[in-house]
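Secondary and tertiary structure notes
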Amino acid sequence: SVSAHTMSTLAFFLCSVQSLIGCFFFLMLRRHPRSTLFPYTTLFRSIMVIMSAADSEMTDRELFIIGDIVKTLPAVENFDPERLPEVAANCAEILGQENGIDTVIDLVADSLPENLRATAYALACDVAAADGVVKQEELRLLEMIRHRLNVDRLRAAAIETGANACYQKTTG
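Everything in this summary refers to the structure shown in the same document. All values derive from a computational prediction rather than experimental measurement.

Some details on the pattern of salt bridges
One pass over the structure, following the stated rule, counts 4 salt bridges. Here arginine 148 and aspartate 106 are joined by a salt bridge, their closest N and O atoms 2.7 Å apart. Residue arginine 148 is found in helix α7 (residues 136-148), and its partner aspartate 106 is found in helix α5 (residues 100-111); the two are separated by 42 residues along the sequence. Arginine 148 sits in the partly exposed class, given a relative accessible area of 29%.

Have a look at this one:
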């Protein structure tokens, strides 16, 4: 049976993804995808949120890492961390639709310039590695993201190795 905490987390995630998707489509209609005014931070947040939900379990550690990334990395420097639940809700809306994950990945791939695609992949790897265990569902999603963002295998391997090294837990 599924615990109440798991159901609550899933409900929160789905609501969060719904909100993100609505905002994302609105932004896509208002701005040319390759425009320098396009909010790349929305794309990065979308990738992190779907990565966190890949195994149907958004752990506290994954949410902490997303929050930490939003607060510290230059790629998402203009994002208010207090808006993260809203962004997650928008993303949940898109994910709730048929082919939702593909839609989010396609929007990110079609909108990010080539030089930021490895950054998006690295952020997804950080979230996947955050709880110390990368599950099969997360590996499959990383593969989908890597292919759609055209991150070559050698670069992806380097990114994955770095993420695993950073989030590896010590024993003892």
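A few points about the packing of helix α2 (residues 40-52) against helix α6 (residues 114-129)
The description of two helices packed together rests on the angle between their axes and the distance between the axes. At a closest axis distance of 8 Å, the pairing of α2 and α6 adopts a crossing angle of 35°. Of the two elements, α2 crosses α6, and the hand of that crossing is right-handed. Taking contact as the criterion, the partners of Tyr40, Phe44, Ile47, Met48, Met51 and Ser52 in α2 are, on α6, Leu116, Thr119, Ala120, Leu123, Ala124, Val127 and Ala128. Tallied by class, residues from the contact of α2 with α6 come to 11 nonpolar, 2 polar and no charged.

Thresholds, definitions, all that
Residues numbered from 1 in each chain as written. Predicted model: local features only at pLDDT ≥ 70, side-chain atom pairs only at ≥ 80, totals over all residues. Heavy atoms only, no water. Salt bridge = Lys/Arg side-chain N within 4 Å of Asp/Glu carboxyl O. Helix = DSSP H or I, 4+ residues; strand = E, 2+ residues; numbered from the N terminus. Buried < 20%, exposed > 50% of the residue type's maximum accessible area, 1.4 Å probe, protein only. Axes fitted to C-alpha atoms, helices over the stretch in contact; angles between N-to-C directions. Left-handed = near helix turned anticlockwise from the far one by under 90°. Contact = heavy atoms within 4.5 Å. Nonpolar A, V, L, I, M, F, W, Y, C, P; charged D, E, K, R; others polar.

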